[in-house]
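The primary structure of each chain is shown beneath.
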Amino acid sequence: MSSNPTPNEILSELTQAAEKQWQALQNPAVPVIYVGHATCGRAAGSQETIDGFKDALEEKGLEAEIITVGCLGHCYAEPLVTIHYPGFPPLMYQKVGAGEARVLVNSFIQGGEDPCFEYLLGALEPNDTFPTLMDYPRYLYEKRVIMDQCGLIDPHSLDHYLAVGGYQSLAKVLEKGDKWVVEEIKSAHLRGRGGAGFPAGIKWDIARQAEKTPKVVICNGDEGDPGAYMDRTLMESNPHQVLEGLAIAALAIGASRAVLYIRAEYPLAVSTIEQAIAAAKECNLLGDRILGTDFSLEVSVFQGSGAFVCGEETALIQSIQGNRGMPRYRPPYPAVEGLDGLPTVINNVKTLSTVPAIVRKGSHWFRNIGTEKTPGTAIFSVVGDVEYAGLVEVPMGVSLEHLIFEVCGGIKDGKPFKAVQIGGPSGGCLPESELSTPIDFDSLRQAGAMMGSGGMVVMNDETCMVEVARYFIDFTQHESCGKCTFCRVGTRHLLEILKGLTKGEGSDDDIAELQTLGEEIIKGSLCSLGKTAPNPVLTTLRFFKDEYLAHYREHRCPALMCRDLIAYYIDLETCARGCDACVACCPTEAIFTTSNRKKAIDQEKCVKCGECVYACPPEYDAVRKVSPPEMVPDQGIKPLDKEEEENNE
């Protein structure tokens with residue numbers, strides 16, 4: 001190394017040892033077992049999987065290395081395990097519990113004779129023996145820019161990140177300078193992935209040109225949408241990528257302080273990020289005089305208390321300053337006057353995670369992905385009634401239909417598609433007729449939905465759209481900070497009307513009120529939470545108005561979902577004489593034995609939990625659900641009297 005080494009030379013010194021370690025893992029002398037151990041893996045039992053491998057290896061006296069990795073995005077298949085056995089390509093296995101771990105040790109790791117095809121998902125590399133993951137649509141149609149290393153590297157190892165090119169972008173920016181990187185991000189047309197879609201490069205440029213100093217960068221990791229976990233996964237699975245993007249943003253605007261705002265409900269993300277910060281500081285990738293330059297950056301973590309409104313950047317700033325998280329009127333925008341009155345850039349986790357790839361591969365490369373107005377990729381957490389739920393990264397511009405049916409395998413159990421709710425609790429619900437809508441900020445907004453932070457809930461034909469609207473309004477009403485009357489009071493009125501409709505109460509005037517009030521809330525609210533809160537109501541009214549009408553005009557829930565408008569009964573034609581499967585599961589003892597030893601439901605006692613549906617053996621399938629409740633037929637049945645019960649015994 002020269003006497004005055006460049007950032008790239010210093011980084012190269014760090015990377016050499018990491019690459020040797022990485023190469024050893026690619027050509028292992030002993031089996032290497034990678035276990036997905038992010039939050040989704042842990043929820044599925046990955047700790048038991050790890051213990052199962054350890055116990056089985058110890059019993060057999062076998063040597064193997066176990067490495068925990070982050071989330072690959074295929075949450076439907078957790079716990080996921082990849083085994084790299086010498087002489088074999090890396091093989092990925094799905095739903096590996098402690099029992100399957102023991103089988104894999106006995107059959108495969110002990111001698112490599114049986115690779116256990118019954119648990120195999122696919123090989124990670126092309127080969128002549130095993131199907132590869134790229135043979136599956138779930139992998140083939142994805143375009144991984146941000147998540148390309150998630151689930152493949154150890155998030156607690158700085159060496160792993162360095163070995164796959166980590167921090168090279170930061171070194172490059174340290175040599176090329178702040179003006180260059182701002183122009184590069186502007187040229188890439190990178191739009192903020194937090195929901196608003198504001199161009200990140202323009203925001204950086206505004207802050208960079210602000211005269212006031214010092215300046216601050218904040219990473220917004222306050223992911224509050226129900227069912228959304230993209231940011232959490234990125235922080236748990238590849239924390240150094242987030243930190244590298246954060247450092248580049250700080251360098252671009254001339255900031256010396258950076259804050260990661262992460263909600264306290266994400267303890268694993270918090271601890272992973274904190275560990276990564278410490279490791280990066282130890283190697284002079286953060287802290288004082290980064291990689292031998294004059295650029296210094298102090299990074300800290302602030303744990304938010306979970307208020308949904310703190311996803312809005314001015315409310316987030318209030319929270320960090322120790323105040324109640326409430327939005328303020330803009331301008332001035334945070335890029336000019338933000339945290340403690342200083343110029344502050346706030347970027348989402350996904351936005352910052354995209355930056356290193358743009359710097360490394362160039363803005364032209366990035367613009368070739370996605371659409372002209374929205375280049376790059378989008379990450380969605382696809383949940384609900386979809387076959388392959390999990391995180392999906394696809395190019396901007398693909399259609400909703402492609403994402404749901406090609407990438408995610410369509411609707412579970414072959415049931416009909418009904419709607420998709422996009423953009424978190426304030427997103428819109430789109431029907432089948434809108435499935436051709438391209439996924440990008442502008443197209444979704446025109447369709448009545450929005451990108452949001454990337455939450456997506458897929459629903460089948462058993463979902464009541466009135467109940468869906470009530471559920472999301474209930475969430476946003478509770479999360480309203482209370483500052484704006486339209487949001488605070490208006491959403492409560494919406495909620496009360498929707499509650500009545502799910503009980504069969506309401507009128508044509510209520511429908512008109514929902515529409516008018518929803519539009520007024522949008523106009524009269526200050527922040528995006530209030531401005532978007534009515535979206536679930538307005539879009540379900542627009543696309544599913546017949547369901548609303550059925551609820552109060554016919555006292556009927558077409559999807560058979562609203563508890564006050566349904567009833568269960570047992571079809572005596574198919575009910576098996578003497579079968580008691582449904583009796584034990586009923587929490588209110590509403591199921592009784594009839595005089596011919598079949599079963600029936602006491603409607604007075606039934607709480608409509610539906611447990612009897614699942615308890616009834618499929619070969620009988622005797623439990624029926626109807627709406628309105630008056631549709632329960634008079635079967636002329638009665639419970640056994642005491643004498644009959646004694647005779648039956």
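Computed from a predicted model, the values in this text were never measured in an experiment. (Residues numbered from 1 in each chain as written. Predicted model: local features only at pLDDT ≥ 70, side-chain atom pairs only at ≥ 80, totals over all residues. Heavy atoms only, no water.)

Turning our attention to a nonpolar patch on the surface. A contiguous nonpolar patch, built from Phe198, Ile202, Ile206 and Val336 and spanning about 320 Å² of accessible area, is present on the exposed surface. Mapped onto the fold, isoleucine 206 is located in helix α9 (residues 200-209). (Patch = residues over 30% accessible without salt bridge, like charges linked within 9 Å, V, L, I, M, F, W, Y side chains within 5 Å. Areas by Shrake-Rupley, 256 points an atom, 1.4 Å probe, with all protein chains shown as cover. Salt bridge = Lys/Arg side-chain N within 4 Å of Asp/Glu carboxyl O. Helix = DSSP H or I, 4+ residues; strand = E, 2+ residues; numbered from the N terminus.)

Pairing is mixed in the open sheet, where five strands are placed in the order β11-β10-β14-β12-β13. The open sheet terminates on both sides in strands that have one partner only, identified here as β11 (390-395) and β13 (428-431). Direction aside, the axes of adjacent strands within the sheet are offset by 30° on average. Where strand β10 (residues 377-384) lies against β11, six bridges are found, and the strand directions are antiparallel. Each residue of the ladder has a partner; that of isoleucine 379, found in β11, is glutamate 393. Sheet strands touched by helix α10 (residues 230-237): β10, β11 and β14 (455-460). Its angle to β10, the strand with the most contacts, is close to 110°. (Pairing = 2+ DSSP bridges. Axes fitted to C-alpha atoms, helices over the stretch in contact; angles between N-to-C directions. Contact = heavy atoms within 4.5 Å.)

On to a negative patch on the surface. There is a patch of like negative charges on the surface, built from Glu48, Asp51, Asp55 and Glu58. The residue aspartate 51 is located in helix α3 (residues 46-60) in this model. A residue is classified by how much of its surface remains accessible, and aspartate 51, at 33% relative accessible area, is partly exposed. (Lys, Arg positive; Asp, Glu negative; His and termini not counted. Charge placed at Lys NZ, Arg CZ, Asp CG, Glu CD. Buried < 20%, exposed > 50% of the residue type's maximum accessible area, 1.4 Å probe, protein only.)

In the structure shown here, the tally under the stated rule is 27 salt bridges. Arginine 330 is the partner of glutamate 312 in a salt bridge, and the nearest nitrogen-oxygen pair spans 3.9 Å. With a gap of 18 residues between them, glutamate 312 in the loop between β8 (298-304) and α13 (313-320) and arginine 330 in the loop between α13 and β9 (344-348) connect regions that are remote in the sequence. Note on glutamate 312: relative accessible area 13%, which makes it buried. Among the ionic contacts, a cluster of salt bridges with common partners joins Asp178, Glu183, Lys186, Asp205 and Arg208.

Next up on the list: helix α4 (residues 98-109). Those residues of α4 not exposed but buried are Ala101, Leu104, Val105, Phe108 and Ile109. Angularly, the buried residues of α4 cover 110° about the axis, an arc narrow enough to put them on a single face. (Arc of directions from axis to C-beta.)

The final tally for this structure, using the stated rule, is 12 aromatic pairs. Seen from their ring centres, phenylalanine 88 and phenylalanine 130 are 6.1 Å apart, and the 45° between their planes marks the pair as tilted. Of this pair, phenylalanine 88 sits in the loop between β3 (81-84) and β4 (91-93) while phenylalanine 130 sits in the loop between β5 (120-123) and α5 (137-140), placing them 42 residues apart in sequence. For phenylalanine 88, a relative accessible area of 23% corresponds to the partly exposed category. An aromatic cluster of at least three residues, connected via ring pairs, comprises Tyr85, Phe88, Phe108, Phe117 and Phe130. (Phe/Tyr/Trp six-rings, centres within 6.5 Å; stacked < 30°, edge-to-face > 60°.)

One broad rule of soluble globular proteins: the nonpolar side chains tend to lie buried together. Core analysis: the biggest nonpolar cluster contains 83 residues, and Tyr167, Trp204 and Leu260 have the highest contact counts within it. When residues in this core are grouped by element, the largest group, 10 residues, is from helix α11 (residues 239-253). Here tryptophan 204 is in contact with Val181, Val182, Ile185, Ile248, Ala249, Ala252, Ile253, Val345, Asn347 and Val355, once residues within four sequence places are set aside. (Core = buried A, V, L, I, M, F, W, Y, C linked by side-chain atoms within 4.5 Å.)

Strand pairing in a sheet relies on backbone hydrogen bonds. The paired strands run either parallel or antiparallel. A sheet is described by the order of its strands in space; here four strands give the open sequence β8-β7-β6-β9, paired in parallel fashion. Bordering the open sheet on either side are β8 and β9, each of which pairs with just one other strand. Neighbouring strand axes in the sheet, compared pairwise and without regard to direction, differ in orientation by 20° on average. Alignment of strand β6 (residues 216-221) against β9, held across five bridges, turns out to be parallel. Counterpart to cysteine 219 in the pairing with β9 is asparagine 347. Sitting on the sheet, helix α12 (residues 267-282) touches β7 (257-263) and β8, and the angle it makes with β8 is about 170°.

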